[in-house]
Amino acid sequence: MDGAGLPETRSTCPYCGVGCGVLLRADGQGGLHVRGDPDHPANKGRLCSKGLALGETVGTGGRLLSPHVNGRETGWDTALQTVADRFSDTIRKHGPDSVAFYVSGQMLTEDYYVANKLMKGFIGSANIDTNSRLCMASTVAGHRRAFGTDTVPGTYEDLEEADLVVLVGSNLAWCHPVLYQRLAAEKEKRPGLKVVVIDPRRTATCDLADLHLQLRGGTDVALFNGLLRAIHEGGAVDKAYMAHVDGFDAALCAASDDCLDETGLDRRDIRAFFDLFLRTDRTVTVFSQGVNQSASGADKVNAILNCHLVTGRIGLPGMGPFSVTGQPNAMGGREVGGLANMLACHLDIENADHRQAVRNFWDAPAIADHAGLKAVDMFRAVGRGQIKALWIIHTNPAVTMPDADAVRDAIRGCDFTVVSDITGATDTARLAHVLLPAAAWGEKDGTVTNSDRTISRQRAAMPPPGQSRPDWQILAEVGRRMGWHKAFDYENPAEIFREHAALSHIAGQFGLDFDISALSDLSDPGYDDLAPARWPLTRTRQGGRFFADGRFYTPNGKAQMLALHYRPPTERSGPRFPFRLNTGRVRDQWHTMTRTALSPRLSAHLAEPFLEIHRDDAARTGLGPASLVQVTSPVGSAILRTLITDRVRPGEVFAPMHWTSDTAPSARIDAVVPDVVDPVSGQPDSKAAGVALTPFRADWYGFAVSSAPMTPAADYWALARTPGGWRLELAALGTPSDWERYARDLFNCPDATLQMVQDAGRGMARLAFHRGDRLLGALFVAREPVAVMRDHLVTLPGTDVQCVLTGQSPADRPDPGPIVCSCFGVGVNTLLAAIEAQAMTSVGQIGAALQAGTNCGSCRPELTALLARARIQEAAE
Ligand code: SF4
């Protein structure tokens, strides 16, 4: 049975801020069929590799199915009463600011709303912050400084209506793939559409760029100040629009220092960009984590906004600054006040009238009257013992916060920690006193808001397993048990949404942007059927763009240009830590991989954490291809696989942020990143840690495949799913005296049949274990990184193969190489062989021959890069 004929449920992808619509159909076996919703305005049927693999991530394996208190399984009544009692006691003894919630952009708006109401209106503290602080707090600060509110002026359509799209600190191809595909499709149709990428790395997005400005990390303000000068000198200031803007003279004066050399860019490239910008009215500047995650993130945002304000290119078709958020409901969190320095519905916590209005609306006994602790400060306060009760919801700060080891220790030392999550097997959940089983994405009902202000329904397609519950229910029940029955007496998410929409009417009355009051009397069926809609949503206005009319939300109604002095990236670490570490994401994984790592397809793309390093730096540091490198900063260290490349600048290195104690414990890269924050936004700088690099010279290296998960005794290991089981890279100091015993422990197979070859003199051992005809696992060991055909070996566990120890595939089954196209499992060796044999010159030809790139399209930039590589190789021969 595959569920054919069952109805489809219309919902939203839970990963990035593009917010794609999906159609879900239960397969009758606990799984889901997933396809893109052709009617959703964000994606119009498209999905990326992560969205398409959603069906592989919904199983109940590894799910937390019941509440736990102090490690013991219990019922909801005990768990919820424990949480309510401990929070109430702590507040009674130490005051409201002694407790905190750390929440997540994975939560639905209704969940977020209840959490914010409970903390700010009833507990009476603003100590609620979200992991969106790590994602786009600098944009929020920048928007508020320039516009008076946190308003995204434009829409996704602007990217298709522009003549120039500037992508700043945004690897759109990997981090917002469907938006990238929309842009790529438009550029293919209209080659006159120019794309400029401004990024210290040559990312997959550069495939689309007419110009890539590979600037030195952290120098964006110098570049955009230079652009502001060029706009002025080139006569491109929109004088009529400037009647709506304050601060031009001061901004220009601050920009008068010529710091363009700080960018490290060729002046001719800078001039080419400036000329393009000056002569192209329809310009959209997209920015993302490369801008936000910086000690000067808010200034970078305002430097970009300055250039759009001064040219009047804002809020019109194809024109405007455009922030794309990392998470599916980062925007929803901003709307309900999930950040410690916001109230709700974009109302100000510092404004007494706003506070009183919200308090009256909620009929609340208290209202927070000052901003709460932002994420980094919150965990510092936990570490100091100042926060004594902490509730963490759907996020994994022991891995993702900067100075992650210190955060892990702080949580471990907290008097009382509650974690709500779908699994108890995260680095953070393992530290909790109370574990609460939450419903997962496919089981939840509510709304999310994507990067272009479109509110979409997320609808449950399957029931929550075990005792798991939606977050709004858990939070409301704790609110009731803390004594606030009426305020948290919700029956369903529709009721919460109506209340949220009604509160937004007050924001509208204060003249603010976020007003969705037209939805405040939505019936339950109306909520069920709610179609995607872009806010504002009032009786008189639905959707559209902001600010073309020159009306802003500042006290005098004018936009504010900011005087921004370029501040060189702080020299934080001195000559002992000479490299600058940039962290980020890979194409097929999401956050700490609690869901995406369940998919063998997604795990096949990049199965191991890595450090991208320029070839000159690698040579200087004594690092060879695929060797291991120890990355050390003043706060921590990690061991990663070296990936030698010219994608990064000399002196700069890059590492992904996804790996955890469960997948690669020595590669938790945020343990290396110090907790430096932007002073305006409180957002951590995740892209500028000073680090030292030293080769990690292991005594032995290994590669293993198995039909069951493995937890090795090794200094370095990285585990990933495969279609038939698991694959493992490992390395260590100190060689085991008995490889058979080591391998039997690794595979947990004390009595399986062993095949083994060993050359102790060369440090080589190869072992395979069978039960009956079936291969259980195989381990390959050498003194250097093991050279075996990994992508062939991963297919063998569970099969009746007998000849494993060569580590090679038979001549009639060539090794496909690392997977590039996740949808059709096409590897790099297959692609390069086909490109050469058939003299291919286009991605279309590859698709016609091998299907690669013809489904979700996420791999198309990599296919283009392979075509280029083949051309370079051919020219060199
Ligand atoms: Fe999900 Fe991919 Fe769409 Fe992002 S682009 S919402 S990850 S399908």
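In every chain, residue numbers begin from 1 and rise along the written sequence. Note on the predicted model: pLDDT of at least 70 is required for a residue's local features to be given, and 80 or more for side-chain atom pairs to be given and counted; whole-chain, interface and lining totals, by contrast, use all residues. Hydrogens and water molecules were not included; the side-chain quantities draw on all heavy atoms of the structure.

(A) Just unusual backbone geometry, in detail. Following Trp-535, the chain continues into Pro-536 via a peptide bond in cis, with omega recorded as 10 degrees. Counting from the N terminus, the helices are DSSP H or I runs at least four residues long and the strands are E runs at least two residues long. Of note, Pro-536 is situated in the loop between strand E19 (533-534) and strand E20 (559-560). Positive phi outside glycine occurs at Asp-363, with the angle close to 50 degrees. Relative to the elements of secondary structure, Asp-363 occurs in the loop between helix H14 (352-362) and helix H15 (375-384). For Asp-363, a relative accessible area of 61% gives the class exposed. Only protein chains enter the area calculation, which uses a 1.4 Å probe; residues under 20% of their type maximum are buried, those over 50% are exposed, and those in between are partly exposed.

(B) View of the packing of aromatic side chains. What counts as a ring pair is set by centres within 6.5 Å for rings of Phe, Tyr and Trp (its six-membered ring), and what kind of pair is set by the plane angle: stacked under 30 degrees, edge-to-face over 60, tilted for all other angles. Enumeration according to the criterion identifies 27 aromatic pairs in this entry. Look at Phe-122 and Phe-488: their rings are 5.1 Å apart centre to centre, the planes differ by 70 degrees, and that puts the pair in the edge-to-face class. Within this pair, whereas Phe-122 is found in helix H3 (residues 109-123), its partner Phe-488 is found in the loop between helix H18 (471-481) and helix H19 (493-509), the two being separated by 366 residues in sequence. Looking at Phe-122, the relative accessible area reads 5%, which means it is buried. The buried category is assigned to Phe-488, whose relative accessible area is 0%. Linked through ring pairs, Phe-147, Phe-514, Trp-535, Phe-546, Phe-547, Phe-552 and Tyr-553 together constitute an aromatic cluster. Cation placement over rings: the criterion is NZ of Lys or CZ of Arg within 6 Å of the ring centroid and within 35° of the ring normal. A cation over an aromatic ring shows up here: Arg-201 above the ring of Phe-654, its NZ or CZ 3.5 Å from the ring centre.

(C) How the structure looks around the environment of Arg-145. With respect to the element layout, Arg-145 can be found in helix H4 (residues 133-147). Between the C-alpha atom of Arg-145 and that of Asp-299, which follows or precedes it by 154 residues, the distance is 9.9 Å. The contact rule is simple, with two residues in contact once any of their heavy atoms fall within 4.5 Å. Those residues in contact with Arg-145 that lie beyond four places of it in its chain are Ala-298, Asp-299, Asn-302, Gln-560, Leu-562, Leu-564 and Val-680. Whenever a nitrogen or oxygen atom comes within 3.5 Å of another N or O atom, the pair is scored as a polar contact, on the condition that within protein one atom can donate a hydrogen and the other can accept it, and that pairs from neighbouring residues in sequence are kept only if both atoms are in side chains. A distance of 2.8 Å separates a polar atom in the side chain of Arg-145 from a polar atom in the side chain of Asp-299.

(D) Broad picture of H18. Most of H18 is tucked away, with eight of its eleven residues classed as buried. Among the residues of H18, those classed as buried are Asp-471, Trp-472, Ile-474, Leu-475, Ala-476, Glu-477, Val-478 and Gly-479. Of the residues one or two after H18, Gly-483 is the one with positive phi, at around 115 degrees.

(E) Local environment of the site of the ligand. Each residue is tested against the molecule or strand, and it is near if at least one of its non-hydrogen atoms lies within 4 Å. As a structural note, the neighbourhood of the ligand is formed by Cys-13, Tyr-15, Cys-16, Gly-19, Cys-20, Leu-47, Cys-48, Lys-50, Gly-51, Pro-177 and Val-178. Under a 2 Å grid-point criterion requiring more than half of the atoms, the pocket assigned to the ligand is the largest cavity. If you list the elements that add at least two residues to the shell around the ligand, you get helix H1 (49-52) and helix H7 (177-189). Looking at the shell around the ligand residue by residue, the classes come out as eight nonpolar, two polar and one charged. Computed over the protein atoms alone on a 1 Å grid, cavities are sets of points where a 1.4 Å probe fits but cannot get out and pockets are open sets with protein on both sides within 12 Å along at least five of seven lines; a residue lines them when it has an atom within 4 Å of a point. Throughout, a molecule is located in a cavity or pocket provided that more than half of its atoms lie within 2 Å of its grid points. Each residue is assigned to one class: nonpolar for Ala, Val, Leu, Ile, Met, Phe, Trp, Tyr, Cys and Pro, charged for Asp, Glu, Lys and Arg, and polar for all the others, Gly among them.

(F) Structural view of the sheet that holds strand E1 (residues 9-12). Pairing between two strands requires that DSSP report at least two bridges joining them. Across the sheet, which stays open at both edges, the three strands sit in the order E1-E2-E3 with antiparallel pairing between neighbours. This sheet does not close on itself; its edge strands, each paired only once, are E1 and strand E3 (32-36). Each neighbouring strand pair of the sheet contributes to a mean axis angle of 35 degrees, computed without reference to strand direction. Pairing of E1 with strand E2 (residues 21-26) involves four bridges; the strand directions are antiparallel. In the strand pairing of E2, Arg-10 is matched with Leu-23. Every angle, taken between N-to-C directions, lies between 0 and 180 degrees, and every axis is a line fitted to C-alpha atoms, over only the stretch in contact when it is a helix.

(G) Representation of the packing of H4 against helix H12 (residues 297-310). Packing of H4 against H12 brings their axes to within 8 Å, and their N-to-C directions diverge by 45 degrees. By the criterion of interaxial angle, the relationship of H4 to H12 is oblique. Here H4 and H12 pass one another in a crossing that is right-handed. Between H4, through Ser-138, Thr-139, Ala-141, Gly-142, His-143, Arg-145, Ala-146 and Phe-147, and H12, the contact on the second element is made entirely by Gly-297, Ala-298, Asp-299, Val-301, Asn-302, Leu-305 and Leu-309. What sets the label is the angle itself: under 35 degrees gives roughly parallel, over 145 gives roughly antiparallel, 65 to 115 gives roughly perpendicular, and the rest give oblique. For a crossing to be left-handed, the near helix must be turned anticlockwise from the far one by less than a right angle; the clockwise case is right-handed.

(H) Representation of the sheet that holds strand E17 (residues 446-449) within the structure. Spatially, three strands are ordered E17-E18-E19 in an open sheet, and the strand pairing comes out antiparallel. Bordering the open sheet on either side are E17 and E19, each of which pairs with just one other strand. Note: strand E18 (residues 454-458) against E19, two bridges, orientation antiparallel. Paired with Ile-455 across the bridge in E19 is Ala-533.

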